[in-house]
Amino acid sequence: MKIGIVCYPTFGGSGVVATELGKALAAKGHKIHFISYSQPVKLDHFTENIFYHEVTVSDYPIFDYSPYELVLASKLVDVVKHENLDLLHVHYAIPHASAAFMAKQILKSQGINIPYITTLHGTDITLVGKDPSFEPVITFAINESDAVTTVSESLKESTFEHFPIKKEIRVIHNFICLNQYSLPDYKLSKAKYAPNGEKILIHISNFRPVKRIEDVILVFDRVRKQIPVKLILVGDGPERNKIEKLSRDIDACGDIIFLGKLRATEEALSMADLFILTSESESFGLAALEAMASKVPVISTNTGGLPEVNKHGYSGYLSDVGDVDDMAKNTIAILKTDEILDQFKLNAFEQAKLFDIRNILPQYESLYEEVVYKGSINK
Ligand code: GMT
């Protein structure tokens, strides 16, 4: 099939999932056309069957706000027509679903039928999308999609809760390519960060308020009073200054290491003993799954889709949002002995196997076939 994939090119989970999906489809012989405003971060190698089309928005003095959505819609029309695409798959509703709808209507007026599938990722529903300034457009563009998927059961429920959706929503969980993980930890030496054999806790995110990173620091602060630990923070974003200040305030600068943005997060994960995710809301928690794929157990909140990913008492533990005492208690329980830690590491890896791309890719392929060969799902 010839498939156009529209996504955000940044470090966010939706862009990572879209890119890895496209790469896996290309490896199976599909022709994949990525359409975005910049090259997706994970699209870092030349790969057969993959093409990239950049959406360039020019500045014009009259625009206070450049109309990205219109330029994207025009680009979609162009790529669908000239590359003879069979399908558009847009990741993240805003503004990709409405741009796809617009492109579909333009192409329809030219006698071309192009179906589009919308995959909802989380904040497009739970944070931004339900804002009244977006809601009517999002509802419309979702309802007009030829198929809609969410990355967890929890996100499906939230979508029905917040929007008057008439369409069937299919859950296709996020995935990881398992063979990219489990690196031997030679790439980044563990001894360099934990010279006295301390256990390494790690958190990876875009440092936005929804991640509640101050809770990561508070958990770390409680744990270090009982067990020698170091904390590695990967990523960057609006909360970074606040978190750096908090690290200084609790006198932990020497034990908290800020690595900043890293493309190959699996290299940092290969050194870690435990992953901490304290989010207020999380539709899936791809970062937690990536940790588990690296044999790193997860201490997380029990919000959104996290209970579908992290199994309490097996691959890690779940706590209520903000309950840093419980998270610290659970961290200590896992790190107490090497035998317990090793068992959780094995369990985390077993749990991650369920989300290997080999199990998830066929679900997308069969959805594509239904949409392209049988037409719109539940319209
Ligand atoms: O977590 C973020 O802030 C990034 C965001 C995104 O759109 O890239 O992540 C969302 O999509 C990921 C991939 O499906 C999910 O794993 C994350 O849980 C979800 N984030 C939230 O729901 C906060």
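Caption draft 1: Focus on the overall build of the chain. Looking only at helices and strands, one finds 15 helices and 13 strands in the chain. In terms of C-alpha radius of gyration, the chain reaches 21 Å, essentially the compact-globule figure of 21 Å for 379 residues. The principal-axis extents of the C-alpha atoms in the chain amount to approximately 70 × 45 × 40 Å. The burial tally for the chain puts 56% of its 379 residues in the buried class.

Caption draft 2: Just the site of the ligand, in detail. By nearness alone, 18 residues border the ligand, and S14, H121, N206, R208 and E282 come closest of all. Taking S14, its main chain carries an N or O atom lying 2.8 Å from an oxygen atom of the ligand. In the model, an oxygen atom of the ligand is placed 3.0 Å from a nitrogen or oxygen of the L286 main chain. Against a free-state accessible area of 480 Å², the protein chains account for coverage of 94% of the ligand. More than half of the atoms belonging to the ligand lie within 2 Å of the grid points that define the largest pocket.

Caption draft 3: Just the nonpolar core, in detail. Counting 98 residues, the largest nonpolar core has L76, I202, F275, L289 and Y368 as its most contacted members. With 8 residues, helix α3 (residues 93–108) is the single largest residue contributor to this core. A domain-level breakdown of this core finds at least three residues from each of domain 1 (2–175 + 357–377) and domain 2 (178–353). Core analysis: the next-biggest nonpolar cluster, separate from the first, contains 28 residues, I227, I250, I276 and F344 among them.

Caption draft 4: Expanded view of helix α13 (residues 324–335). Counted at 1.5 Å a residue, the expected span for α13 with its 12 residues is 16 Å, and the 16 Å between its end C-alpha atoms agrees. If you check which residues of α13 are buried, you get V324, M327, A328, N330, T331, I332, I334 and L335.

Caption draft 5: Fine view of the layout of surface pockets. Considering only enclosed or pocket space, the largest pocket measures out at about 990 Å³ in volume. Residue lining of the largest pocket: 40 residues in total, with F11, G12, G13, N206 and K211 positioned closest to the centre. Tallied by class, the residues present in the lining of the largest pocket amount to 15 nonpolar, 17 polar and 8 charged. The residue makeup of the lining of the largest pocket includes at least three contributed by each of domain 1 (2–175 + 357–377) and domain 2 (178–353).

Caption draft 6: Just the packing of aromatic side chains, in detail. In total, this model carries 8 aromatic pairs according to the counting rule given. Between the aromatic rings of Y8 and Y37, the centroid separation amounts to 6.3 Å while the plane-to-plane angle is 70 degrees, which identifies the pairing as edge-to-face. Here the residue Y8 occupies a position in the loop between β1 (2–6) and α1 (13–27), and Y37 occupies one in the loop between β2 (31–36) and β3 (50–54), the gap between them amounting to 29 residues. Looking at Y8, the relative accessible area reads 21%, which means it is partly exposed. Assessed through its relative accessible area of 34%, Y37 is described here as partly exposed. Ring centres of F101 and F140 lie 4.7 Å apart, and the angle between their planes is 85 degrees; this geometry places the pair in the edge-to-face category. One end of the pair, F101, is in helix α3; the other, F140, is in helix α5 (residues 135–143), with 39 residues separating them in the sequence. Members of the aromatic cluster, joined through ring pairs, are Y8, Y37, Y68 and Y92.

Caption draft 7: Broad picture of the environment of L289. Along the chain, L289 falls in helix α11 (residues 286–293). Here L289 falls in the buried class, since its relative accessible area comes to 0%. Taking the C-alpha atoms as reference points, L289 and I217, 72 residues apart in sequence, are found 21 Å from one another.

Caption draft 8: Expanded view of the domain arrangement of the chain. Its domain assignment divides the chain into domain 1 (2–175 + 357–377) and domain 2 (178–353). Domain 1 and domain 2 are separated by 31 Å when their C-alpha centres are compared. In this complex, domain 1 contributes 21 residues to the contact, which on the side of domain 2 involves 17 residues. Both faces considered, domain 1 and domain 2 share a buried interface measuring about 1,400 Å² in area, 53% of it formed by carbon and sulfur atoms.

About the thresholds
Residues numbered from 1 in each chain as written. Predicted model: local features only at pLDDT ≥ 70, side-chain atom pairs only at ≥ 80, totals over all residues. Heavy atoms only, no water. Helix = DSSP H or I, 4+ residues; strand = E, 2+ residues; numbered from the N terminus. Rg over C-alpha atoms; globule rule 2.2 N^0.38 Å. Buried < 20%, exposed > 50% of the residue type's maximum accessible area, 1.4 Å probe, protein only. Near = heavy atom within 4 Å. Polar contact = N/O pair within 3.5 Å; in protein donor to acceptor, adjacent residues only side chain to side chain. Areas by Shrake-Rupley, 256 points an atom, 1.4 Å probe, with all protein chains shown as cover. 1 Å grid on protein atoms, 1.4 Å probe; cavity = no way out; pocket = protein on both sides within 12 Å on 5 of 7 lines; lining within 4 Å. Sits in = over half its atoms within 2 Å of the grid points. Core = buried A, V, L, I, M, F, W, Y, C linked by side-chain atoms within 4.5 Å. Domains from an automatic or database assignment. Expected span 1.5 Å × (residues − 1). Points joined across faces, edges and corners; volume = space filled by probe spheres on them. Nonpolar A, V, L, I, M, F, W, Y, C, P; charged D, E, K, R; others polar. Phe/Tyr/Trp six-rings, centres within 6.5 Å; stacked < 30°, edge-to-face > 60°. Contact = heavy atoms within 4.5 Å. Buried area = accessible area lost by both parts, 1.4 Å probe.

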